[in-house]
Amino acid sequence: MSVSVLGAGAFGTALAISLAGKGPVTLWARDAGDMAKRRENTKRLPGCPFPDTLTVTDSLDQASAAKILLLAVPMQRLRSVLEDHKGALHGKHLVACCKGIELSSGVGPVSVITQTIPDATAAILTGPSFAADIARGLPTALTLACGDAAAGKYLQAELTTANLRLYRTTDTIGAELGGALKNVVAIASGAAIGAGLGESARAALMTRGYAEMQRLAAHLKAEPTTLAGLSGFGDLTLTCTSEQSRNYRLGQSLGQGTPFDPSTTVEGAATARAVDALACEAALDMPITRAVAGLLDNQLDVAGAMKLLLTRPLKEE
Ligand SMILES: NC(=O)C1=CN([C@@H]2O[C@H](COP(=O)(O)OP(=O)(O)OC[C@H]3O[C@@H](n4cnc5c(N)ncnc54)[C@H](O)[C@@H]3O)[C@@H](O)[C@H]2O)C=CC1
Ligand SMILES: O=C(CO)COP(=O)(O)O
């Protein structure tokens, strides 16, 4: 096996630790020094020591010698990372490990890879998983989506580990939409709980949020069944119900009117704005996404958002 992980945040580090249980893995970080010395990512994933088979480097040349490269940087940074290191990435298997829609283009990570490095094999690894769970070796199941069926089968086998079970699909659009959109619904769910609106309100937001996810997925020609899987329903369930989720916690802060650390990676914030714009352009009804974008941009407070959702014309389910 020959795998490197580009991006040493919580998720990249966790995947590298899990994969290093199978064989040598290289983790590329801009600030590799401290991690290489301590053999731990004390900033993003404390308490998870690196196995001996994990090498940390700040040399992109060293990391890009691998055949499979996992891209674990935030969604809005993906294009610039690929552009900056284009020369080293041609012909590789590039697996996006980020969740979101790019604000500047309205596309997801697989399209960003294809547009930037057209001769690479583009795939996405997504689904319900907290970095700390993966790093601790807790059982986790994810979706590996690759438009090239044979390459998808190869990646599935290479990236499955003892505790990380991968299911595969060729529907990259459906897989990336599930991972991107569930974060928007998680912000809404956190806001409802934070504002004291109750568990029933959260269940309504999750269900109607899922209907919005399906609406956009159908518009973009995703397979209808993909969203019912790990990358859609699975991740929606996890993220809307756990305080481990940063998206959920941002929502809670909005609901409570308390401050939130702006340096935290919260993919649903940019994605809500990107999807709100897409929905407007395509005349798609996505009121929960609208409400989240309005909350984030201070156009609405929680009471205003609830009014927006509850006073809409009555309709069939
Ligand atoms: N943390 C988690 O539990 C999970 C995260 N993800 C996804 O993984 C992606 C990354 O999230 P996290 O690792 O949690 O974020 P994080 O905030 O822990 O780390 C982001 C990392 O990206 C690095 N980075 C940013 N710009 C860079 C650049 N231009 N060049 C090199 N490195 C750069 C930062 O230095 C940082 O180490 C997100 O899309 C997230 O949705 C997916 C599943 C689980
Ligand atoms: O994607 C995740 C779980 O599957 C992680 O969620 P957060 O990015 O909200 O922390």
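This is a predicted model, so every value here is computed, not measured.

### Notes on the site of ligand 1
Item 1. Around ligand 1, 21 residues are found, and the nearest of them are Arg44, Ala131, Arg246, Thr265 and Glu267.
Item 2. One of the backbone N or O atoms of Gly9 is found 3.2 Å from an oxygen atom in ligand 1.
Item 3. Contact between ligand 1 and Cys97: an oxygen atom at 3.2 Å from a main-chain N or O atom of the residue.
Item 4. Within the residue set of the shell around ligand 1, elements represented by two or more residues are helix 1 (10-19) and helix 4 (75-84).
Item 5. Partitioned by chemical class, the residues of the shell around ligand 1 number 12 nonpolar, 3 polar and 6 charged.

### What to know about empty space enclosed by the protein
Item 1. Inspection of the entire model under this criterion finds 2 cavities of 30 Å³ or more.
Item 2. Looking at the largest cavity, its volume works out to about 110 Å³.
Item 3. Every residue lining the largest cavity is counted, 13 residues in all, and those nearest its centre are Ala188, Ala191, Leu295, Ala305 and Met306.
Item 4. Put simply, the parts of the chain that give the lining of the largest cavity at least two residues each are helix 9 (172-194), helix 14 (287-296) and helix 15 (302-310).
Item 5. Here the lining of the largest cavity is composed, by residue class, of 13 nonpolar, no polar and no charged.
Item 6. Volume-wise, the second largest cavity comes out at about 30 Å³.
Item 7. Along the walls of the second largest cavity sit Leu181, Val184, Val185, Gly209, Glu212, Met213, Met286, Ile288 and Thr289, which together make up its complete lining.
Item 8. Only helix 9, helix 10 (199-219) and helix 14 provide two or more residues apiece to the lining of the second largest cavity.
Item 9. Residue composition of the lining of the second largest cavity, by class: 6 nonpolar, 2 polar and 1 charged.

### Focus: the UniProt feature "binding site: sn-glycerol 3-phosphate" (unreviewed entry) in the protein
Item 1. According to UniProt, the positions carrying the feature "binding site: sn-glycerol 3-phosphate" (unreviewed entry) are Lys99, Gly127, Ser129, Lys182, Asp235, Ser245, Arg246 and Asn247.
Item 2. When you line up the elements, Ser129 lands in the loop between strand 6 (121-126) and helix 7 (131-135).
Item 3. By relative accessible area, Ser129 is classed as buried at 12%.
Item 4. Setting aside chain neighbours within four positions, we find Ser129 in contact with Phe11, Ile134, Thr140, Leu142, Asp235 and Leu238.
Item 5. By secondary structure assignment, the location of Asp235 is in helix 11 (residues 230-241).

### Looking at the site of ligand 2
Item 1. Every residue lining ligand 2 is accounted for by Lys99, Gly127, Pro128, Ser129, Phe130, Lys182, Asp235, Leu238, Thr239, Ser245, Arg246 and Asn247.
Item 2. Lys182 places a side-chain nitrogen or oxygen 2.9 Å from an oxygen atom of ligand 2.
Item 3. When isolated, ligand 2 has an accessible area of 300 Å², and the protein chains bury 93% of it.
Item 4. In terms of residues, the shell around ligand 2 owes the most to one element, helix 11, which gives 3 residues.
Item 5. Of the residues contributing to the shell around ligand 2, the split by class is 3 nonpolar, 5 polar and 4 charged.
Item 6. Both domain 1 (3-170) and domain 2 (173-310) contribute no fewer than three residues apiece to the shell around ligand 2.

### Description of the sheet that holds strand 6
Item 1. If you trace the 8 strands from one edge of the open sheet to the other, you get 3-2-1-4-5-6-7-8, paired in mixed fashion. Either end of the sheet is taken by a strand with one partner, and the two such strands are strand 3 (54-57) and strand 8 (164-169). Strand after strand, the sheet turns through a mean of 25° between neighbouring axes, direction not considered.
Item 2. Direction of pairing for strand 4 (residues 68-71) relative to strand 5 (residues 93-96): parallel, over a ladder of 4 bridges. The partner of Leu71 across the bridge, within strand 5, is Ala96.
Item 3. Sheet strands touched by helix 11: strand 6, strand 7 (140-146) and strand 8. Its angle to strand 7, the strand with the most contacts, is close to 145°.

### Points about the packing of aromatic side chains
Item 1. Throughout the structure, instances matching the rule amount to 1 aromatic pair.
Item 2. Centroid distance Tyr210 to Phe233: 6.2 Å. Interplanar angle 70°. Geometry classified as edge-to-face. With Tyr210 in helix 10 and Phe233 in helix 11, this residue pair connects regions lying 23 residues apart in the sequence.
Item 3. Given a relative accessible area of 16%, Tyr210 falls into the buried group.

Conventions and cut-offs
- Residue positions are given per chain, counting from 1 as you read along its sequence in written order.
- Chain letters start at A and ligand numbers start at 1, both assigned in the order the entries are written.
- In keeping with the model being predicted, local features are shown solely for residues with a pLDDT of at least 70 and side-chain atom pairs are shown and tallied solely at 80 or more, while totals for entire chains, interfaces and linings include all residues.
- Values shown for side chains rest on all heavy atoms present in the structure; no hydrogens or waters enter the calculation.
- Whether a residue is near a molecule or strand depends on its heavy atoms: it is near if one of them lies within 4 Å of it.
- Polar contact is the term for a pair of N or O atoms within 3.5 Å; when the atoms are in protein, one must be able to donate a hydrogen and the other to accept it, and sequence-neighboring residues count only if both atoms are side-chain atoms.
- Secondary structure elements are defined from DSSP: runs of H or I of at least 4 residues count as helices, runs of E of at least 2 residues count as strands, and each element is numbered from the N terminus.
- Classes in brief: Ala, Val, Leu, Ile, Met, Phe, Trp, Tyr, Cys and Pro nonpolar; Asp, Glu, Lys and Arg charged; the others, Gly included, polar.
- The way it works is a 1 Å grid over only the protein atoms, where trapped points that fit a 1.4 Å probe form a cavity and open points with protein on both sides within 12 Å along at least five of seven lines form a pocket, and then any residue with an atom within 4 Å of a point lines it.
- Grid points are joined across faces, edges and corners, and a volume is the space filled by probe spheres set on the points.
- UniProt positions are given in the numbering used here, feature names are shortened, and annotations may be inferred rather than shown by experiment.
- Relative accessibility decides the category of a residue: with a 1.4 Å probe and only protein chains considered, values under 20% of the type maximum give buried, values over 50% give exposed, and everything between is partly exposed.
- Residue contacts are defined here by distance: any two heavy atoms, one from each residue, within 4.5 Å place the two residues in contact.
- The method behind every accessible area is Shrake-Rupley, applied with a 1.4 Å probe, and residues are considered shielded solely by the protein chains displayed.
- Boundaries between domains were set according to an automatic or database domain assignment.
- Strands were regarded as paired on the criterion that DSSP finds at least two bridges between them.
- Each axis is a line fitted through C-alpha atoms, taken for helices only over the stretch in contact, and angles between the N-to-C directions span 0 to 180 degrees.
- Only centres within 6.5 Å qualify two rings of Phe, Tyr or Trp (six-membered ring in Trp) as a pair; their planes then separate them into stacked at under 30 degrees, edge-to-face at over 60, and tilted for everything else.

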